[in-house]
Amino acid sequence: MAGKKLSYHMLGHFMSGGVADLYSAVLSDGRRVLIRSLQPTKVLSLNSHLRFRYGLKIREVLTPHPNIIGSMEWGYHGLQPYEIIEWFEGHSIKNYITSRNEQLYRDLVYVLSEAAEGLAWIHASGFMHLDVKPENFLLRLSPTARPVVKITDFDLVRRANDQGPRRQVGTPAYMAPEQFVQKISTPASDVFAFSIMAYQLATGRMPFAGKSEKDTWRNQSSESVEARPIYELNPNIAGQLADAIMAGMEKRLDKRPPTMKEWLEILRAH
């Protein structure tokens, strides 16, 4: 990233996750930020290094957007790539699922529409996220303001037309049939993953859960296995949301919304 480097004061280690260490810091103008750097043990791993650096560049391309954790700077400390990103007061949607937060469920349509807007921006920018799951959506809830949702973690992002050979990409519990069977990914694979997450939020259950992980993955990849209708598990769900979720979990690519833009159109249909 070109331009003058930001001046900051490190506050301390915040957390570690995946291949990154996160530190909280304060800029010279008083703004709090998060510094995310590749873990020292991963620096000499070419695959981890290149993937991490690519994610930094992608976040820069996607910034600014109200539903994306924005990039402020990226570069190197010696051999160690890092990025400075916006500080966000909130928790992952996974944390809210675990705590069964009541406000999340009251504002579910709004929360999911905001999350979908962020993913739609990624698709409109010519990319696919490839790791859509509750852990990668940050949410701030307030009794006096509308919820704020932002997507993070861009280390697996690829261009939408990238069908080069690759190992299994993503988190299996949220992967689409074509990723298991054909070993390909498209923006519609993100739509499938997002719809699994939305189903989980709307019903409290995973749509294709089996007795084991292998059973679950088999159910996800098989066209003969359908998710239980949402209305049976949550009769109070908004009709358009149920329609969007079920359309997004179509096993066949030609029946599924190709991007989150079309998923949002179903959600907002009148």
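Quick summary incoming for the structure in this document. (Residues numbered from 1 in each chain as written. Predicted model: local features only at pLDDT ≥ 70, side-chain atom pairs only at ≥ 80, totals over all residues. Heavy atoms only, no water.)

### So, empty space enclosed by the protein
Item 1. Tallying each qualifying case throughout the model produces two cavities of 30 Å³ or more.
Item 2. By volume, the largest cavity is sized at about 80 Å³.
Item 3. Looking at the largest cavity, it is lined by 12 residues, and the ones nearest its centre are Leu130, Tyr174, Met175, Gln179 and Ala193.
Item 4. No other element matches the three residues that helix 6 (residues 187-203) contributes to the lining of the largest cavity.
Item 5. Each residue belonging to the lining of the largest cavity can be placed in one class, and the counts come to six nonpolar, four polar and two charged. (1 Å grid on protein atoms, 1.4 Å probe; cavity = no way out; pocket = protein on both sides within 12 Å on 5 of 7 lines; lining within 4 Å. Points joined across faces, edges and corners; volume = space filled by probe spheres on them. Helix = DSSP H or I, 4+ residues; strand = E, 2+ residues; numbered from the N terminus. Nonpolar A, V, L, I, M, F, W, Y, C, P; charged D, E, K, R; others polar.)

### Focus: the environment of Ile58
Item 1. Its location among the elements puts Ile58 in helix 1 (residues 46-62).
Item 2. In this structure Ile58 comes out as buried when scored by relative accessible area, which is 3%.
Item 3. Separated by 100 residues in sequence, Ile58 and Arg158 place their C-alpha atoms 8.8 Å apart.
Item 4. Once you skip the residues sitting within four places of it in the chain, Ile58 turns out to touch Phe127, Phe154 and Val157. (Buried < 20%, exposed > 50% of the residue type's maximum accessible area, 1.4 Å probe, protein only. Contact = heavy atoms within 4.5 Å.)

### Focus: the sheet that holds strand 8 (residues 137-142)
Item 1. Taken together, three strands build an open sheet; the order of strands is 6-8-9 and the sheet is antiparallel. Each edge of the open sheet is held by one strand with a lone partner, namely strand 6 (91-92) and strand 9 (145-151).
Item 2. Where strand 6 and strand 8 come together, two bridges link them in antiparallel fashion. Its bridge partner being in strand 8, Ser92 is matched across the sheet by Leu138. (Pairing = 2+ DSSP bridges.)

### Looking at the pattern of salt bridges
Item 1. On inspection of all chains with the given rule, the structure shows 14 salt bridges.
Item 2. Residue Lys150 is joined to Glu86 by a salt bridge in which the shortest nitrogen-to-oxygen separation is 3.6 Å. Pair noted here: Lys150 is in strand 9 and Glu86 is in strand 5 (residues 80-86), with a separation of 64 residues, a long-range link.
Item 3. The exposure class of Lys150 is buried, given its relative accessible area of 10%.
Item 4. For Glu102, the salt bridge is made with Arg106, and the minimal N-O distance between the two is 4.0 Å. Of the two residues, Glu102 and Arg106 are both situated in helix 3 (residues 102-106); the distance of four residues between them amounts to about one turn of the helix. (Salt bridge = Lys/Arg side-chain N within 4 Å of Asp/Glu carboxyl O.)

### Structural notes on the layout of surface pockets
Item 1. The computed volume of the largest pocket comes to approximately 800 Å³.
Item 2. Surrounding the largest pocket, 31 residues form its lining, Met15, Leu22, Glu135, Leu138 and Thr152 being those nearest its centre.
Item 3. Of all the elements in the fold, those that place two or more residues in the lining of the largest pocket are strand 1 (8-17), strand 2 (20-27), strand 3 (32-38), helix 1, strand 5 and strand 6.
Item 4. At four residues, the largest contribution of residues to the lining of the largest pocket is made by strand 1.
Item 5. Among the residues making up the lining of the largest pocket, the classes are represented as 12 nonpolar, nine polar and 10 charged.

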